[in-house]
Amino acid sequence: MAVNLKKISTEREILLAPGHRACAGCPGPVIIKQALLAAGKDTVVGFATGCMEVVTTIYPFTSHRVPYIHSAFENSAATVSGVEAAYRSLKRKGKISKKINFIAFGGDGGTYDIGLQSLSGAMERGHNMLYICYDNEAYMNTGIQRSSATPYGADTTTSPAGKVIPGKQQYPKDLTKILIAHNIPYIAQSSPHNYSDIIEKVEKALAVDGPAFINVLSPCPLGWRFPYSDSIHLAKLAVETCFWPLYEVVDGIYKITYKPKEKKPVDEWLKLQGRFKHLFQPGNEQIREKIQAHVDKKWEQLLKLESL
Amino acid sequence: MTKILALTGADAAAEAMRQVHPDVVAAYPITPQTGIVQTYSSFVADGLVDTEMVTVESEHSAMSAVVGAASAGARAMTATSANGLALMWEIVYIAASYRLPIVAPVVNRALSGPINIHCDHSDSMGCRDSGWIQLFSENTQETYDNIIQAVKIGENKDVMLPVMITLDGFIISHVMERVEALEDEEVSKFVGTFTAKYPLLDVDNPVTYGPLDLQDYYFEHKRQQYQAMQNSADVIKNVGKEFGALSGRYYDLLELHKMEDAEFAIIALGSTAGTAKYLVDQMRNEGKKVGMIKIRSFRPFPIEDLRLAVKKLKGLSVLDRSISFGAKGGPVFVEVESALFRTGIDIPVLNYIYGLGGRDITPTEMRISFSDLEKAVKGEKFPAVQFIGLRG
């Protein structure tokens, strides 16, 4: 079921107000808006400390047109799980009747790293909530430090491309797979270039009874070093190269929601980003080959999982 | 009507919680707190309460979940000890700054390291500046009474702060005592219903909790928080009177024992106050004019009440069950000296650190705090800090 853009744009409300302080070209607010187009106004959102928290809420201003809570960096999932527990309790007691959605947001730092335990706990406990990770592949809010989501070879301020060590020396953690291992009813990867994909996935995630997780790639002009006009293009290329496959897992069944007609070489994505510039210097070819091999292996695995 | 129960401190805490009947309890097991959350879980499992029990994966998440629940508009509680409280630390401050009337029993246990599971006050003393009201309990009865009062204190519109009710690990938490309990309806009526002013779940009137608060407003918000803590002193007193009218057990910021004509007094918190009362009674029988001051409310610290209580004394000893490394004395001592400074009350004030890691203190050992005072008033000098019950 494709999302009807006309219907969405005329019948649904934009629930993140303009005037926030996100960098030009940042897809973070786009992701929030897309998610809330799917969720609607009867939604409570929670945010981890990070870019989106900082840019949307500097007191006394807020961009949030739905109830919002931020508490700390590593506890967005736990905090929202408490809100959802309160909802269950008050609903049972007849003090509230509306159906309310609960969405926790966190960046990759707040999700892959410091908030992983809190996320795992909330998913395992079965709260009726959706967690959305906006993955910009490093600690962008504090100035582009490497996280466990940062790709192999990327130049960040704590994995700099130096004279001896050419950027990050580890492949990113596959967080989506970790969530799949939680056996929750809905898990997906999505990308903001494909509004239909993300809106549909959020709708599905909110329709299930229990926890859901969506990992959304969020290309960062500042941290990845590309022109701010290219964010959506970079998101699309990540999918076309199969670096960031779009798929979902419903009750353990894998479904790739978009298969590129022609899988592009990952170099096409890497070469547009300053954080990989050093990989195109002579002598670093093998690093790019390793990245390509890793992408190929993961994609093949995913195709196999889908065929099961 | 009063019910007489035989309960451990942990079970008394759980029983008070059952009668308060919070909407959400989020907790994580840690010795010696575990008894509270276990007993409460069985209340949930048996349908005695319809609380939403959130069995989190850490204390950090426990405090985070109750912050979420209280922001949502629910009455929310948690409970912990020592390292669990330390793991919550970051969110302990956030709970206070969001002005959420969460109630949390803290079963006092020594902070690591080295790891130790027994009682001292290092855990709750460590977060004395976090913005929580801190009420210390002397025994099982007070644990029960304090939890019920805490709900009403924290939710007062002039306060709106979280309240920590302490009970000494093992000494209170695991010892069975006689408890006079109120009827369920009496507790329900006493605590009333909680109606949050800005609940997150009011989706028609969306609010933003926890925005980034910078140089232009953070300071004003902290000033408001300061005022709320100041306001809480009168509220604690009033709730203590109301509770007294209901139960016959009256509460104040301080409890004074045989202080009317006392020349020397000892200050203690928690279960040690019971030991100190026993010693005072013994010494009174010996003809000594001694008394005891129990600090029930450590935050807010009862500065004026303490000045009034000690103004006729010749000497005062302060017992501390934790160390403030590098300070002049233990946390209680530093507060007491500061309260008396430049008030014209110029008497010897001695500090004794005792009972760390659960070491017992006996009335005989405690006597030194009085005998030293008798010498101090005659001009003998004592070290700034002395230790009771320490080998070597």
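Residues numbered from 1 in each chain as written. Chains lettered and ligands numbered in written order. Predicted model: local features only at pLDDT ≥ 70, side-chain atom pairs only at ≥ 80, totals over all residues. Heavy atoms only, no water.

(A) Quick look at the overall build of chain B. The helix and strand inventory of chain B stands at 13 helices and 16 strands. Radius of gyration (C-alpha) of chain B: 21 Å, near the 21 Å computed for a compact globule of 392 residues. By its C-alpha atoms, chain B is 70 × 55 × 45 Å across when sized along the principal axes. Expressed as a percentage of the 392 residues in chain B, the buried residues total 58%. (Helix = DSSP H or I, 4+ residues; strand = E, 2+ residues; numbered from the N terminus. Rg over C-alpha atoms; globule rule 2.2 N^0.38 Å. Buried < 20%, exposed > 50% of the residue type's maximum accessible area, 1.4 Å probe, protein only.)

(B) Spotlight on the layout of surface pockets. Residues and elements named next belong to chain B. The space that makes up the largest pocket amounts to roughly 1300 Å³. Ser 97, Tyr 98, Arg 99, Tyr 209 and His 221 are the residues nearest the centre of the largest pocket, which is lined by 33 residues in total. At the level of secondary structure, the elements contributing two or more residues to the lining of the largest pocket comprise helix 3 (59-72), helix 4 (82-97), strand 9 (208-209) and helix 8 (218-247). Per element, the largest residue contribution to the lining of the largest pocket is 5 residues, and it comes from helix 8. Across the lining of the largest pocket, the residue classes break down as 16 nonpolar, 10 polar and 7 charged. Volume-wise, the second largest pocket comes out at about 630 Å³. Around the second largest pocket sit 25 residues that line it, and Tyr 226, Met 229, Gln 230, Pro 300 and Phe 301 are the ones nearest its centre. (1 Å grid on protein atoms, 1.4 Å probe; cavity = no way out; pocket = protein on both sides within 12 Å on 5 of 7 lines; lining within 4 Å. Points joined across faces, edges and corners; volume = space filled by probe spheres on them. Nonpolar A, V, L, I, M, F, W, Y, C, P; charged D, E, K, R; others polar.)

(C) Representation of the pattern of salt bridges. Taken as a whole, this structure holds 46 salt bridges over all chains when the rule is applied. A:Glu248 is paired through a salt bridge with A:Lys204; the nearest N and O atoms lie 2.8 Å apart. Note that A:Glu248 is positioned in strand 7 (residues 246-250) and A:Lys204 in helix 8 (residues 195-207), a separation of 44 residues in sequence. A relative accessible area of 34% means that A:Lys204 is categorised as partly exposed. Close ionic contact of B:Lys294 with B:Glu255 constitutes a salt bridge, the shortest N to O distance being 2.6 Å. Of this pair, B:Lys294 sits in strand 12 (residues 290-295) while B:Glu255 sits in strand 10 (residues 254-257), and the two are 39 residues apart along the sequence. For B:Glu255, a relative accessible area of 26% corresponds to the partly exposed category. The network of salt bridges with shared partners includes B:Glu138, B:Glu142, B:Glu255, B:Lys277 and B:Lys294. (Salt bridge = Lys/Arg side-chain N within 4 Å of Asp/Glu carboxyl O.)

(D) Representation of the packing of aromatic side chains. Within the structure shown, the criterion is met by 18 aromatic pairs over all chains. Here B:Tyr98 and B:Tyr209 contribute two aromatic rings whose centre-to-centre distance is 6.4 Å and whose plane-to-plane angle is 50 degrees, an arrangement assigned as tilted. Of the two residues, B:Tyr98 sits in the loop between helix 4 and strand 5 (103-108) while B:Tyr209 sits in strand 9, which places them 111 residues apart along the sequence. B:Tyr209 matches B:Tyr98 in its accessibility class, with the two residues each being buried. Positioned over the ring face of A:Trp224 is A:Arg275, at 4.0 Å from the centre of the ring. The ring of B:Phe190 is capped by B:Lys152, whose NZ or CZ atom sits 4.4 Å from the centre of that ring. (Phe/Tyr/Trp six-rings, centres within 6.5 Å; stacked < 30°, edge-to-face > 60°. Lys NZ or Arg CZ within 6 Å of the ring centre and 35° of its normal.)

(E) Representation of empty space enclosed by the protein. Residues and elements named next belong to chain A. Tallying each qualifying case throughout the model produces 1 cavity of 30 Å³ or more. Its volume calculated, the largest cavity comes out at about 370 Å³. Pro 172, Asp 174, Phe 243, Trp 244 and Lys 298 are, among the 23 residues lining the largest cavity, the residues nearest its centre. Among the elements of the structure, helix 7 (175-180) and helix 12 (285-307) are those that each provide at least two residues to the lining of the largest cavity. When residues of the lining of the largest cavity are assigned to their parent elements, the largest contribution, 5 residues, is made by helix 12.

(F) Representation of helix 6 (residues 116-125) of chain A in the model. What helix 6 of chain A keeps buried is the set A:Ser118, A:Leu119, A:Gly121, A:Ala122, A:Met123 and A:Arg125. Immediately beyond the C-terminal end of helix 6 of chain A, within one or two residues, lies A:Gly126, with a positive phi of roughly 80 degrees.

(G) Here's a closer look at the sheet that holds strand 14 (residues 315-320) of chain B. Residues and elements named next belong to chain B. The strand order across the open sheet formed by 6 strands is 10-12-11-14-15-16, and the pairing between neighbours is mixed. In this open sheet, the two strands that pair with only one neighbour each are strand 10 and strand 16 (385-388). Averaged over all pairs of adjacent strands, the angle between strand axes in this sheet comes to 25 degrees, irrespective of strand direction. Judged from the 4 bridges that link them, strand 10 and strand 12 form a sheet pairing that is antiparallel. From the neighbouring strand, Glu 255 faces strand 12, where its bridge partner is Lys 294. The sheet contacts of helix 10 (residues 303-310) involve strand 10, strand 11 (264-268), strand 12 and strand 14, and relative to strand 10 the element is tilted by about 10 degrees. (Pairing = 2+ DSSP bridges. Axes fitted to C-alpha atoms, helices over the stretch in contact; angles between N-to-C directions. Contact = heavy atoms within 4.5 Å.)

(H) Quick peek at the interface of chain B and chain A. Listed by partner, the interface residues are 43 residues for chain B and 44 residues for chain A. Considering only the side of chain B, the residues that lose the most area to chain A are B:Leu201, B:Val203 and B:Leu212, jointly responsible for 20% of the buried surface there. Inspection of the region where chain B meets chain A yields 7 salt bridges. Put simply, chain B and chain A have 19 residue pairs in polar contact (both at pLDDT 80 or more) between them. Those elements that place two or more of their residues in the side of chain B that touches chain A are strand 3 (52-55), helix 3, helix 4 and strand 9 of chain B. It is helix 3 of chain B that provides the largest number of residues to the side of chain B that touches chain A, a total of 9 residues. A class-by-class count of the residues in the side of chain B that touches chain A yields 22 nonpolar, 13 polar and 8 charged. Bridging between strand 2 (residues 68-70) of chain A and strand 9 of chain B involves 2 bridges; their strand directions are parallel. In the sheet register, A:Tyr68 faces strand 9 of chain B, and the bridge partner there is B:Thr208. (Buried area = accessible area lost by both parts, 1.4 Å probe. Polar contact = N/O pair within 3.5 Å; in protein donor to acceptor, adjacent residues only side chain to side chain.)

(I) Region of the structure containing the domain arrangement of chain B. All names here are of chain B. Considered domain by domain, chain B is made up of domain 1 (3-191 + 208-247) and domain 2 (254-388). Relative to domain 2, the C-alpha centre of domain 1 lies at a distance of 27 Å. Taken residue by residue, the interface counts 28 residues in domain 1 and 25 residues in domain 2. Both faces combined, the contact of domain 1 with domain 2 buries some 2000 Å², and carbon together with sulfur accounts for 52% of it. The largest per-residue losses of area from domain 1 upon contact with domain 2 belong to Arg 128, Phe 136 and Glu 138, which jointly make up 29% of the total buried on that side. Taken together, the connections running from domain 1 to domain 2 amount to 5 salt bridges. Between Lys 294 and Glu 142 there is a salt bridge, with its nearest N and O atoms 2.5 Å apart. Counting across the domain 1 and domain 2 interface gives 15 residue pairs in polar contact (both at pLDDT 80 or more). Elements represented by at least two residues in the side of domain 1 that touches domain 2 include exactly helix 5 (122-126), strand 6 (133-136), helix 6 (140-154) and helix 8. (Domains from an automatic or database assignment.)

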